[in-house]
Amino acid sequence: MSATTREQKALEAKVSDVFRSFASAGYRNRAFLSELWREEHLDYLLKGMTRLPASFTVLDSSRPWLCYWIVHSMALLDRQLDPALQTDTIEFLKHCKDPLGGYGGGPGQIAHLATTYAAVGTLVSIGGAQALSSIDREKILEFLLRMKDPSSGGFRLHDGGEMDVRGCYTAISVAYLLNILVPPLLEKLGEYVASCQTYEGGIGGEPGAEAHGGYTYCGLAALIMADQVDSLDLPGLLNWAAFRQGKVEGGFQGRTNKLVDGCYSFWQGGVFPLLQQVVTKLISQQTSGSSIMHEEIEDDSDTEIGVRKARNQQHRPFHNPTALQGYILLCCQVLNGGLIDKPGKSKDYYHTCYCLSGLSTAQHCLSTNPEDHPPSSHVFGPYSNLLDSTHPLLNFHMKRYMEAVDYFVSKA
Ligand SMILES: CC(C)=CCC/C(C)=C/CC/C(C)=C/COP(=O)(O)OP(=O)(O)O
Ligand SMILES: [Zn+2]
């Protein structure tokens, strides 16, 4: 159901109030309001991790997800679990393994692609040989191959289960990380995801479904990893995604005519660095051959300057990452820790994870090298707000991702 004009106006009024009180606050208060409340968020996250069994009763089939949302959020805040909790988490995830490969939503549950992604993401975030050696690549490959639907090119989420674009993303990202992206997993993938791209330009969960930010991120990221991004209408996708950022709020909506929500800071905000990556690759192919960038280069008498200008253009964002950071920091933080969908909503670990992932992506998306520290002009509020960077395709902590890749290459 779409947001009514009344709901939209009410949210805009609430957000405008927040922005007004920020603008009129004195120097000290403004600094406080635009600050990332790190210790409070860490406190909330750590409480969640030590009280996991209580949360499990309501999220019984999403246990690896809770682990991922919490451990990944902590990693972005540059904090590790203490060694005893790391060992408990690794041991717990071993109990979620399906003997036929992959991870279920809890001990004794059948493997599911989404919880497999979440379990692997948790283990990567923890890092180190104890965590990484608990991942059974061969068994996971068997599971991924069993989930592949060769006739459509898509993936089922579990044995006999539904097929949607989340399946493509979770299967391909796990295979990409573990260095097991074999050709049968890639067959007709582009065709399947393209069949889910709608007349609006975004991607829906399955053919015929409405374009949605979550599936758009999943479809685009999966096809970039599979090197099949040419199957999509990229200008249409960019056009759809760019118009999902609220002009007043700065946050993103997930679908046309819906209200903005903090979690889309990652699902929609994360689409832009991916598109930037595709454009950068195209430009580098074209500048090394003949093609479009030459027009710009020839405009300048000094060819060197022209080339530099063309390169600089690659880093102009298609969205407004500063306004997005403003929405997350001013409208989505809860004073005693945790992040939310929008003012008035309650905190939860899913929104905490994706607000922080969106914040990190918005801070780092203008840097050429995601490992570099961005200049202060790219960071809304004090520079101490800067989070660690996350891998734009997998949303795993960048440094731990690199360590995991080294580990799996050495095992291949
Ligand atoms: C890796 C992985 C499994 C990714 C999943 C990505 C994905 C599909 C995220 C969106 C999930 C979600 C809570 C949608 C809300 O729809 P709604 O109809 O309640 O909200 P709306 O009104 O904002 O559209
Ligand atoms: Zn949400």
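Conventions adopted
- Residues numbered from 1 in each chain as written.
- Chains lettered and ligands numbered in written order.
- Predicted model: local features only at pLDDT ≥ 70, side-chain atom pairs only at ≥ 80, totals over all residues.
- Heavy atoms only, no water.
- Helix = DSSP H or I, 4+ residues; strand = E, 2+ residues; numbered from the N terminus.
- Buried < 20%, exposed > 50% of the residue type's maximum accessible area, 1.4 Å probe, protein only.
- Contact = heavy atoms within 4.5 Å.
- Salt bridge = Lys/Arg side-chain N within 4 Å of Asp/Glu carboxyl O.
- Axes fitted to C-alpha atoms, helices over the stretch in contact; angles between N-to-C directions.
- Left-handed = near helix turned anticlockwise from the far one by under 90°.
- Nonpolar A, V, L, I, M, F, W, Y, C, P; charged D, E, K, R; others polar.
- 1 Å grid on protein atoms, 1.4 Å probe; cavity = no way out; pocket = protein on both sides within 12 Å on 5 of 7 lines; lining within 4 Å.
- Points joined across faces, edges and corners; volume = space filled by probe spheres on them.
- Donors = N, O, S within 2.8 Å, 3.2 Å for Na, K, Ca; no water.
- Tetrahedral: all angles 85-135°; square planar, octahedral: opposite > 155°, others 65-115°.
- Expected span 1.5 Å × (residues − 1).
- Polar contact = N/O pair within 3.5 Å; in protein donor to acceptor, adjacent residues only side chain to side chain.

J.: Explain the environment of Met163 residue by residue, including any values.
T.: Position of Met163 among the secondary structure elements: in the loop between helix 9 (137-147) and helix 10 (165-178). Residue classification places Met163 among the buried residues on the basis of a relative accessible area of 17%. In sequence terms Met163 and His364 are 201 residues apart; their C-alpha atoms lie 33 Å from each other. Contacts of Met163, omitting those with residues within four sequence positions, involve Asp149, Ser152, Gly154, Phe155, Arg156, Tyr192 and Glu206.

J.: Explain the environment of Ala211 residue by residue, including any values.
T.: In this fold, Ala211 is placed in the loop between helix 12 (189-195) and helix 13 (213-225). We classify Ala211 as buried; its relative accessible area is 1%. Residues Ala211 and Arg51 lie 160 residues apart in sequence; the distance between their C-alpha atoms is 36 Å. Apart from the residues within four sequence positions on either side, Ala211 is in contact with Thr198, Glu200, Gly202, Ile203, Gly204, Trp240, Gly254 and Arg255.

J.: Tell me about the pattern of salt bridges, and please be specific about residues and values.
T.: Counted under the stated rule, the structure contains 13 salt bridges. Lys281 is the salt-bridge partner of Asp227, the closest N and O atoms lying 3.6 Å from each other. Linking Asp227 in the loop between helix 13 and helix 14 (234-242) with Lys281 in helix 16 (residues 271-288), this pair joins segments that are 54 residues apart in sequence. Its relative accessible area of 58% is what places Asp227 among the exposed residues. One network of salt bridges, with partners in common, ties together Glu162, Asp164 and Arg166.

J.: Mind laying out the packing of helix 3 (residues 38-50) against helix 5 (residues 63-76), listing which residues take part and the relevant values?
T.: Between helix 3 and helix 5, whose axes approach to 10 Å, the crossing angle comes to 145°. In terms of crossing hand, the pair formed by helix 3 and helix 5 is left-handed. Taking contact as the criterion, the partners of Leu42, Leu45, Leu46, Gly48 and Met49 in helix 3 are, on helix 5, Cys67, Ile70, Val71, Ser73 and Met74. Class assignment of the residues belonging to the contact of helix 3 with helix 5 gives a composition of eight nonpolar, two polar and no charged.

J.: Would you mind going over the layout of surface pockets in detail, with residue names and values included?
T.: Each pocket or cavity is described by its volume, and for the largest pocket that value is around 480 Å³. In terms of lining, the largest pocket is formed by 25 residues, of which the most central are Trp65, Ala114, Arg166, Trp267 and Tyr350. Among the elements of the structure, helix 5, helix 7 (113-126), helix 10, helix 13, helix 15 (264-267) and helix 20 (349-364) are those that each provide at least two residues to the lining of the largest pocket.

J.: Explain empty space enclosed by the protein residue by residue, including any values.
T.: Using a probe with the size of a water molecule, rolled over the atoms, empty space left in the structure can be pinpointed. Per the counting criterion, the structure on display carries one cavity of 30 Å³ or more. The computed volume of the largest cavity comes to approximately 40 Å³. For the lining of the largest cavity, a count of residues per class yields six nonpolar, two polar and no charged.

J.: Can you tell me about the coordination of the zinc ion (ligand 2), naming the residues and giving the values?
T.: Coordination of the zinc ion (ligand 2) by the protein involves Asp261 (OD), Asp261 (OD), Cys263 (SG) and His351 (NE2), with metal-donor separations of 2.1 to 2.6 Å. Considering all four donor atoms around the zinc ion (ligand 2), angles at the metal cover 55 to 119° and the coordination shape is irregular. Mapped onto the sequence, the donors of the zinc ion (ligand 2) take the spacing D-x1-C-x87-H. Placement of Cys263 in the loop between helix 14 and helix 15 and of His351 in helix 20 is noted, with a sequence separation of 88 residues between them. Accessibility assignment for this pair places Cys263 and His351 in one class, buried.

J.: So, helix 20: which residues are in play, and what are the values?
T.: Spanning 16 residues, helix 20 covers 22 Å between terminal C-alpha atoms, matching the ideal 22 Å at 1.5 Å per step. In terms of burial, helix 20 is largely enclosed, as 15 of its 16 residues are buried. Among the residues of helix 20, the N-terminal cap falls to Asp348, whose side-chain oxygen and the backbone nitrogen of Tyr350 are separated by 3.1 Å.

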